[in-house]
Amino acid sequence: MEKALKKSSAEAPTSALQTGEPKRRGVKDALEWVMHLIFMLCGIIAVAFVLFISIYLIISGVPAIREIGLVDFLFGQEWSPTASDPSFGILPFILTSVYGTAGAILIGVPIGLMTAVFLAKVANPKVAAVIHTAVELLAGIPSVVYGLVGMILLVPGIQRAFDLSSGACLLAAILVLAIMILPSIISVSETSLRAVPEEYEQASLALGATHLETVFRVSIPAARSGVATAIVLGVGRAIGEAMAIIMVAGNVANMPGLFTSVRFLTTAIASEMSYASVGSLHRNALFSIGLVLFLFIMLINVFLNVFFSHSATSSEVNTAWITYVFCTGRRPPPKRIMAAAWALIAAGESPSKAANSLLTSSRRAKIYLLQSRSSQCFRRFVPSSAVTRSEAIGFL
């Protein structure tokens, strides 16, 4: 009897643990299900906001376009909604937004990309930390401060430099926008450049490329998708800015000129929405401008994404193409990945490992590799490699 009691008392904790473990597992599964549900709801909310804004703009903007006429609205050159014979042509606004955004991108992208290259590949850590701090501060400055500084310093400077009656013009807006998009371009581009695998750069350096050649011909092409994202973000920031532009562009509905006071799509809405009567054609036309701006941004983003996705290749193929051209000076062969394997051999990598990358190479690609210029290229890097040319050819 006593033995039976001891046996039952010993088995009791084990059974309790066995029953408790499924309960804990059930609680974890329930918690995981709840978290999945929360994440899904957050995604649905984000999509719902976009759909709600789209539907609201369509409902509010289409009636004015129908009443004014699509051609007169988009291609009319006069905007005078409060005149006795009102006109609602927004072509000056559209062209001004296009020119202003294009000018800001042409100025801001090279400066931002070069700054990102400097921070990621050239600058020492102390200098990079200082510049990082300045970029972060630049990103945190409110738009109205940019506009205020531009109105106090930039506008009078342009007026004196070009002997104008007013320095509030398209050029001032372009310069302010170019400065405002720099933080986005620098941050995203730098992150993309730092994410490039070191093996790509080491292969290029082993083939005799200088550090700058490696950066511009290997690192930047490999980070092309991130640079494209930075450009898209810069375009969105430039075309959607209003407050700073109102203060430096002059806010006059003129056809765009570099030294002419102009009005953007965003500034037209911001400056006139406050006094447009509710339910009037003027107010509905402002909603139509918002619809045009919304579609305009979507089309630009789609175009840039499609353009970069079609023009960009994978990082491995980009690197292989660069290393191959350094060696042969010829056009890339059909199977360009063999150039990356050749770079590994020239860098001292084991030929057996490098040969694995040549399994997919064609006979034509192997013939390309054995050209005379390839021979000269290989002899150039023999001192840094323990592999002879004959050994490398043996693995081809």
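Sequence order as written defines residue numbering, which begins from 1 separately in each chain. Where local features are concerned, this predicted model is filtered to residues with pLDDT of at least 70; where side-chain atom pairs are given and counted, the filter is 80 or more; whole-chain, interface and lining totals use all residues. Heavy atoms throughout the structure, all of them, feed into the side-chain values; hydrogens and water do not.

Caption draft 1: Expanded view of a nonpolar patch on the surface. Together, Leu-31, Trp-33, Val-34, Met-35, Leu-37, Ile-38, Phe-39, Met-40, Leu-41, Ile-44, Ile-45 and Phe-49 make up an exposed nonpolar region whose accessible area comes to about 1,200 Å². In this text, helices come from DSSP runs of H or I with a minimum length of four residues, and strands from runs of E with a minimum of two, each type numbered from the N-terminal end. Position of Leu-41 relative to the elements: it lies in helix 1 (residues 2–68). Each residue's exposure class comes from its accessible area (1.4 Å probe, protein chains only) as a fraction of the maximum for that residue type: buried when under 20%, exposed when over 50%, partly exposed otherwise. Classification of Leu-41 by relative accessible area gives partly exposed; the value is 42%. Grouping into patches uses exposed residues only, defined as over 30% relative accessible area, and leaves out salt-bridged ones; the cut-off is 9 Å for like charges and 5 Å for nonpolar side chains (Val, Leu, Ile, Met, Phe, Trp, Tyr). For the accessible areas, the method is Shrake-Rupley and the probe is 1.4 Å, while residue cover comes only from the protein chains on display. Salt-bridge detection follows one rule: a side-chain nitrogen of Lys or Arg within 4 Å of a carboxyl oxygen of Asp or Glu.

Caption draft 2: Seen up close, the side chain of Asn-251. Residue position: Asn-251 is located in the loop between helix 11 (243–248) and helix 12 (265–272). Side chain to side chain, Asn-251 and Arg-263 meet in a polar contact 3.0 Å long. Once you skip the residues sitting within four places of it in the chain, Asn-251 turns out to touch Ile-246, Val-262, Arg-263, Thr-267 and Ser-271. We call two N or O atoms a polar contact when they sit within 3.5 Å, provided that within protein one can donate a hydrogen and the other can accept it, with sequence-adjacent residues counted only if both atoms are side-chain atoms. When checking whether two residues touch, look at their non-hydrogen atoms; a contact exists if any pair is within 4.5 Å.

Caption draft 3: Spatial organisation of the packing of helix 7 (residues 182–194) against helix 10 (residues 224–240). A fitted line through C-alpha atoms represents every axis, and for helices the fit uses only the stretch in contact; the resulting angles, taken between N-to-C directions, go from 0 to 180 degrees. It is the contact of helix 7 with helix 10, at a shortest axis distance of 8 Å, that shows an interaxial angle of 170°. Considered as vectors, helix 7 and helix 10 are oriented roughly antiparallel to each other. Judged by the sense of rotation from one axis to the other, the crossing of helix 7 with helix 10 is right-handed. Residues Ser-184, Ile-185, Val-188, Ser-189 and Ser-192 of helix 7 form the contact with helix 10, whose participating residues are Gly-226, Val-227, Thr-229, Ala-230 and Leu-233. When the residues that make up the contact of helix 7 with helix 10 are grouped by side-chain class, the tally is 5 nonpolar, 5 polar and no charged. By definition in this entry, angles of less than 35 degrees are roughly parallel, angles greater than 145 are roughly antiparallel, angles of 65 to 115 are roughly perpendicular, and the rest are oblique. Here a crossing is called left-handed whenever its near helix is offset anticlockwise from the far helix by less than a right angle, and right-handed whenever the offset is clockwise. Amino acids outside the nonpolar list (Ala, Val, Leu, Ile, Met, Phe, Trp, Tyr, Cys, Pro) and the charged list (Asp, Glu, Lys, Arg) are all regarded as polar, and Gly is one of them.

Caption draft 4: Quick look at helix 10. Taking 1.5 Å per residue, 17 residues should reach 24 Å; helix 10 reaches 24 Å between its end C-alpha atoms and fits that length. Among the residues of helix 10, those classed as buried are Gly-226, Val-227, Ala-228, Ala-230, Ile-231, Val-232, Gly-234, Val-235, Ala-238 and Ile-239. Between the first and last residue of a helix there are one fewer steps than residues, each counted as 1.5 Å, and that sum is the expected span.

Caption draft 5: Here's a closer look at the environment of Val-196. By the element assignment, Val-196 lies in the loop between helix 7 and helix 8 (198–206). Spatially, the C-alpha atoms of Val-196 and Ser-219 are 6.4 Å apart, while their sequence positions differ by 23 residues. Beyond its immediate sequence surroundings of up to four residues, Val-196 is in contact with Glu-201, Ser-219, Ala-222 and Ala-223.

Caption draft 6: Structural view of the environment of Ser-219. Residue placement: Ser-219 occurs in helix 9 (residues 211–222). For Ser-219, a relative accessible area of 0% puts it in the buried group. For the pair Ser-219 and Leu-193, spaced 26 residues apart in sequence, the C-alpha separation works out to 6.5 Å.

Caption draft 7: Layout of the nonpolar core. Counting residues in hydrophobic clusters, the biggest one holds 55 residues, and the most contacted among them are Phe-73, Trp-79, Ile-90, Phe-93, Val-248, Phe-264 and Ile-289. Elements with a contribution of two residues or more to this core: helix 1, helix 3 (91–122), helix 5 (143–162), helix 6 (170–180), helix 10, helix 11, helix 12 and helix 13 (281–311). Considering every element that reaches this core, the biggest residue donor is helix 6, with 9 residues. Once residues within four sequence positions are removed from consideration, Phe-264 is found in contact with Phe-93, Thr-96, Ser-97, Gly-100, Leu-170, Ala-173, Leu-177, Ile-245 and Ala-249. Membership of the second largest hydrophobic core comes to 11 residues, among which are Ala-116, Ala-120, Val-196 and Ile-220. Here, nonpolar core means buried Ala, Val, Leu, Ile, Met, Phe, Trp, Tyr and Cys residues that are tied together by side-chain atoms lying within 4.5 Å of each other.

Caption draft 8: Representation of the environment of Ile-269 within the structure. Position of Ile-269 among the secondary structure elements: in helix 12. Separated by 14 residues in the primary sequence, Ile-269 and Arg-283 have C-alpha atoms spaced 9.2 Å apart. Dropping the residues within four chain positions of it, Ile-269 is found in contact with Leu-286, Ile-289 and Gly-290.

Caption draft 9: Examining the packing of aromatic side chains more closely. Only Phe, Tyr and Trp rings are paired, with Trp represented by its six-membered ring, and only when their centres lie within 6.5 Å; those with planes under 30 degrees apart are stacked, over 60 edge-to-face, the remainder tilted. In the structure shown here, the tally under the stated rule is 5 aromatic pairs. Measuring from centroid to centroid gives 6.4 Å for Phe-52 and Tyr-56, while their planes differ by 20°, and the two rings are stacked. Note that Phe-52 and Tyr-56 are positioned in helix 1 at a spacing of 4 residues, about one turn of the helix. Geometrically, the ring pair formed by Tyr-56 and Phe-287 is edge-to-face, given 5.9 Å between the ring centres and 80° between the ring planes. Of the two residues, Tyr-56 is situated in helix 1 and Phe-287 in helix 13; the sequence distance between them amounts to 231 residues. Exposure remark for Tyr-56: the relative accessible area of 42% places this residue in the partly exposed category. Taking relative accessible area as the criterion, Phe-287 reaches 17% and is therefore assigned buried. Through successive ring pairs, a cluster of aromatic residues spans Phe-52, Tyr-56 and Phe-287.

Caption draft 10: Representation of the confidence of the model for the protein chain. pLDDT runs from 0 to 100 and stands for how confident the predictor is about each residue. With 71% of its residues at a pLDDT of at least 70, the protein chain reaches an overall mean of 77. Across residues 312–338, confidence stays below pLDDT 50; counting only partners more than four residues off in sequence or on other chains, it has 65 contacts. The low-confidence segment residues 355–396, where pLDDT is below 50, has 73 contacts with residues more than four positions distant or belonging to other chains.

Caption draft 11: Region of interest: unusual backbone geometry. In the Ramachandran plot, Asp-163 falls in the positive-phi region, its phi being about 55° despite a non-glycine side chain. Mapped onto the elements of the fold, Asp-163 is located in the loop between helix 5 and helix 6. Backbone geometry at Asn-251 places phi at a positive 55°, although glycine is not the residue there.

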